Amino acid sequence: MKKRVLSCIQPTGHMHFGNYFGANKNWVDLQAEYECFYGVVDYHAMTMPYDVKKLRVNTWEMIFNLMAIGVKGENLFVQSLVPEHAELGWIFNNFAAMGRVENMTQFKDKSSDSKEKSSGFISVGLFDYPVLQAADILIYKADYVPVGEDQKQHLELTREIANRFNNQVGKEYFVLPETLLTKTPKIKSTADPSRKMSKSAGEKHYINVFADEARLLKQIRSAVTDTGETTEGQMSDGVANLFELLKAAGADEDHTSLMKDYEAGQLKYVDLKDAVGQALLGLNQGFVAAKAEILANKKDVKYQIKQSSERIRKVAQETVREVKELTGLLNVKF
Ligand code: TRP
């Protein structure tokens, strides 16, 4: 039997090459080897102040984007279409130690962000976020969770919750999930290679995977290469980032030959940029075409995702039924 993989993403309504190479491409690749459950987590998106008019639109947009890059519709679900996540999350609140949840660095970061930037309002939902995340994972009894370093702490908490649950009910019911740490490239902003590629830093700092050709090429052409601060004999952050992009995009031959130029002290930045531009464009054109097709069949695609969510929900419902049985809650089938 295939091992199970689960991962989720918040509906941010956009996808850049940092997201793609850092996480979402990995989702696509894992589908060959594992039984995959991939969720767009709209309940999680409510934990920070948000625009109610945009949430649903962004949720669909993220679904379309994921499908356009190669995630199979049958593996995708929308979290709020599987409300058992929230139900199990509530149950897990009683198996999660307050002191441990208080220690989560993502909460500390996001709550201090929110103090600085917006209303200063911090919701209980933001605090409880990792407990809902534990429910996302355990409800499917996932073996592996592909996530970045920043989510390791949440995975550790998930295992603690599973452990406490198992101890209390006197049964090894939940599988303890493992983090699947695949080596994924950390892509930097081409406008400022000292920071990671991210939307929050502003327009210049991320390259949309669905960007139009002119914009994509312009962003690569204006990538920062040398700032003059690099020590002799060391590759600058900007050049290293361009090489990283080239490798990530699978342009191995260009990578090898341009690296030889670099080592011989003969690299022309314009050549490197051309190669990166073409490599990214090669991916981008396929994505743009796939997305256009999805948007042309929006209704069918939405129907397909409702169906896959319903099918995936059956797995979640079964878990919650068993959990109710084990924990002493009433377990009535209406
Ligand atoms: N917290 C994750 C992030 O910020 C998103 C997420 C929610 C998630 N639930 C999950 C990731 C379950 C993996 C598994 O990226």
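Structural data are supplied above this passage.
Residues numbered from 1 in each chain as written. Predicted model: local features only at pLDDT ≥ 70, side-chain atom pairs only at ≥ 80, totals over all residues. Heavy atoms only, no water.

Undergrad: Describe the overall build of the protein, and please don't skip the residues or the numbers.
TA: Counting its secondary structure elements, the protein contains 13 helices and five strands. On C-alpha atoms alone, the protein measures out to a radius of gyration of 22 Å, which is about the 20 Å that the 2.2 N^0.38 rule sets for 334 residues. Taking the principal axes of the C-alpha coordinates as reference, the protein spans close to 70 × 45 × 45 Å. When contacts within the protein are restricted to residue pairs at least 6 apart in sequence, those whose partners lie at least 24 apart make up 76%. Working note: accessible area of the protein is about 17,500 Å², and carbon and sulfur atoms make up 50% of it. Counting 43 positive and 44 negative side-chain charges, the protein places the centres of these two groups 5 Å from one another. (Helix = DSSP H or I, 4+ residues; strand = E, 2+ residues; numbered from the N terminus. Rg over C-alpha atoms; globule rule 2.2 N^0.38 Å. Contact = heavy atoms within 4.5 Å. Areas by Shrake-Rupley, 256 points an atom, 1.4 Å probe, with all protein chains shown as cover. Lys, Arg positive; Asp, Glu negative; His and termini not counted. Charge placed at Lys NZ, Arg CZ, Asp CG, Glu CD.)

Undergrad: Quick one: what's the story with the pattern of salt bridges, residue by residue and with numbers?
TA: One pass over the full model with this rule turns up 11 salt bridges. A salt bridge links Arg100 to Glu160, with the shortest nitrogen-to-oxygen separation between them at 2.8 Å. Here Arg100 is found in helix 5 (residues 98–102), whereas its partner Glu160 is found in helix 8 (residues 152–169), with 60 residues between them in sequence. According to the relative accessible area criterion, Arg100 is partly exposed, its value standing at 27%. Under the relative-accessibility criterion, Glu160 is labelled partly exposed at 27%. The partner of Glu318 in a salt bridge is Arg321, with the nearest N and O atoms 3.1 Å apart. With Glu318 and Arg321 both in helix 13 (residues 298–327) and three residues apart, the pair spans about one turn of that helix. Residue Arg321 is classed as partly exposed on the basis of its relative accessible area, which comes to 36%. (Salt bridge = Lys/Arg side-chain N within 4 Å of Asp/Glu carboxyl O. Buried < 20%, exposed > 50% of the residue type's maximum accessible area, 1.4 Å probe, protein only.)

Undergrad: A description of the site of the ligand should follow, citing residues and the corresponding values.
TA: Taken together, Leu6, Ser7, Cys8, Val41, His44, Tyr129, Gln133, Asp136, Ile137, Val145, Val147 and Gln151 make up the full set of residues adjacent to the ligand. In the model, a nitrogen atom of the ligand is placed 3.0 Å from a nitrogen or oxygen of the Gln133 side chain. Taking Gln151, its side chain carries an N or O atom lying 3.1 Å from a nitrogen atom of the ligand. Those elements giving two or more residues to the shell around the ligand turn out to be strand 1 (4–9) and helix 7 (124–138). With four residues, helix 7 is the largest single contributor of residues to the shell around the ligand. Taken together, the residues that form the shell around the ligand break down as seven nonpolar, four polar and one charged. (Near = heavy atom within 4 Å. Polar contact = N/O pair within 3.5 Å; in protein donor to acceptor, adjacent residues only side chain to side chain. Nonpolar A, V, L, I, M, F, W, Y, C, P; charged D, E, K, R; others polar.)

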